[in-house]
Amino acid sequence: MLAVIYIYNGHYAEKTIRNVNKVSIELKELQYEYKTLKSEVMFRSKQSELAKAVAPLGLRELTQPVAVLKDSAGR
């Protein structure tokens, strides 16, 4: 009986190690995908890239300072 338990334990340990290795590889792939997407988002959110993206919509950057409107009632 002890030999059967010993053999089962060996198979169970090998199966667990294979699963850990599989999950580790999947985690590395997901980390690479995350880093790739993060760098792409950082690149696309730069001011120059945003200006290029919205140019077809007729939007452009301000060349003059923003005008501040004040209430004449003194509120």
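In the block above lies the structure referred to throughout.
Not measured: the values here are computed from a predicted model. Here the residue numbers are simple positions, counted from 1 along each chain's written sequence. Reporting in this predicted model follows two pLDDT cut-offs: at least 70 for local features of residues, and 80 or more for side-chain atom pairs to be given and counted; totals over whole chains, interfaces and linings ignore these cut-offs and use all residues. The basis for every side-chain value is the complete set of non-hydrogen atoms in the structure, without hydrogens or water.

Participant: Looking at this structure, I do not really get the overall build of the chain. What am I missing?
Facilitator: Each helix and strand counted, the chain has two helices and zero strands in total. Two things to know: the radius of gyration comes from C-alpha atoms, and the globule rule equals 2.2 Å times the number of residues to the power 0.38. Over its C-alpha atoms the chain spans a radius of gyration of 30 Å, topping by over 25% the 11 Å that the globule rule assigns to 75 residues. Once the C-alpha set of the chain is aligned to its principal axes, its extents read approximately 95 × 35 × 15 Å. We count Lys and Arg on the positive side and Asp and Glu on the negative side, and we leave His and both chain ends out. Here the site of a charge means NZ on Lys, CZ on Arg, CG on Asp, or CD on Glu. Averaging the locations of the 12 positively and 8 negatively charged side chains of the chain gives two centres separated by 3 Å. Each helix is a run of H or I in the DSSP string that is no shorter than four residues. Each strand is a run of E no shorter than two, and both are numbered from the N terminus.

Participant: Can you help me understand the environment of Gly10 in this one?
Facilitator: Checked against the element boundaries, Gly10 lands in helix H1 (residues 2-44). Relative accessibility thresholds used throughout: buried, under 20% of the residue-type maximum; exposed, over 50%; partly exposed, between the two (1.4 Å probe, protein chains only). When its relative accessible area of 31% is taken as the criterion, Gly10 is described as partly exposed. In sequence terms Gly10 and Gln64 are 54 residues apart; their C-alpha atoms lie 74 Å from each other.

Participant: What is the right way to look at the environment of Gln47 in this model?
Facilitator: With respect to the helices and strands, the residue Gln47 is situated in helix H2 (residues 47-54). Put simply, Gln47 and Glu61 are 14 residues apart on the chain and 9.4 Å apart in space, counted from C-alpha to C-alpha. Whenever two N or O atoms come within 3.5 Å, that pair is a polar contact, provided that in protein one can donate a hydrogen and the other can accept it, and provided that, for residues adjacent in sequence, both atoms are side-chain atoms. Polar side-chain contacts of Gln47 include one of 2.5 Å to the side chain of Glu61.

Participant: Please explain the side chain of Glu49 as it appears in this structure.
Facilitator: Turning to its location among the elements, Glu49 is positioned in helix H2. Given the relative accessible area of 18%, Glu49 is considered buried. Every residue pair with non-hydrogen atoms within 4.5 Å of one another is taken to be in contact. Among all residues touching Glu49, those that are not within four sequence positions of it are Phe43 and Arg44.

All we've got here are geometric facts, nothing functional implied.
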